[in-house]
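# Breakdown of the fold
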Amino acid sequence: MARLPYADLSNPACSQLVKQIIAERGSVLHLYQMLLHSPPIARGWLTHLTAIRQQSSLPGSIRELIIMRIAHLNRAPYEAHQHAPIALAEGLSQQQLDALENWNDTDLFDEHQRAVLTYTDSMTLNVQVSDDVFNAITTLFTPAEVVELTATIATYNMVSRFLEALQIHSDDPRV
């Protein structure tokens, strides 16, 4: 169970935002049920995540590769559970998802994916990124894509940290 109770979705202060979340996401996921304790934070979060997920020029397979690797590194099962079907729909294989723990020991990832995984690992585990790792990214991606990669990695580290600090799990009862 989550460390806090989930927000009351029938609260009039949340009604417009609940409608927007349902329109954009299909339902109010546990993450948003928790965020709705603070409607201004939930609104900002939704706007930010919508830009990362739906308005970036990055291929969906790259975005989901980042998210799945971060979920593994940060031991965030909710994030992995939510994104595994999306990753598969975006073109990653189950074999690739299964190999993420030891991605460097396999040939399942191409040059772009390997550079992204290295960058994701560096930003997630070390925060600071070496020149070698950064230069590898800039030779394969445009400046706009580098900004989008960086923002996606930073954002999904934020998501996993929020989920894990509050112990939000997929099997928690829905409100």
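Heads up: these notes are all about the structure in this document. Computed from a predicted model, the values in this text were never measured in an experiment.

## Some words on helix α4 (residues 60-73)
Along its 14 residues, α4 runs 20 Å from first to last C-alpha, staying within 8% of the 20 Å computed at 1.5 Å per residue. With 13 of 14 residues buried, α4 is to be regarded as a mostly interior element. Trailing α4 by a residue or two, R75 shows a phi angle of about 50 degrees, which is positive.

## Remarks on the environment of E101
Structurally, E101 is set in the loop between α6 (94-99) and α7 (111-126). The spatial distance from the C-alpha of E101 to the C-alpha of H72 is 7.0 Å, given a sequence separation of 29 residues. Setting aside chain neighbours within four positions, we find E101 in contact with R69 and H72.

## Things to note about the pattern of salt bridges
This structure, assessed with the given rule, holds four salt bridges. With a closest N to O distance of 2.9 Å, E64 and R63 form a salt bridge. Of the residues examined, E64 reaches a relative accessible area of 0% and is grouped as buried. Residue class for R63 comes out buried when judged on its relative accessible area of 8%. E90 serves as the salt-bridge partner of R63, at 3.4 Å between the closest nitrogen and oxygen. Residue R63 is found in helix α4, and its partner E90 is found in the loop between α5 (77-89) and α6; the two are separated by 27 residues along the sequence. Here the residues in one salt-bridge network are R63, E64 and E90, joined through shared partners.

Parameters and conventions
- Residues numbered from 1 in each chain as written.
- Predicted model: local features only at pLDDT ≥ 70, side-chain atom pairs only at ≥ 80, totals over all residues.
- Heavy atoms only, no water.
- Helix = DSSP H or I, 4+ residues; strand = E, 2+ residues; numbered from the N terminus.
- Expected span 1.5 Å × (residues − 1).
- Buried < 20%, exposed > 50% of the residue type's maximum accessible area, 1.4 Å probe, protein only.
- Contact = heavy atoms within 4.5 Å.
- Salt bridge = Lys/Arg side-chain N within 4 Å of Asp/Glu carboxyl O.

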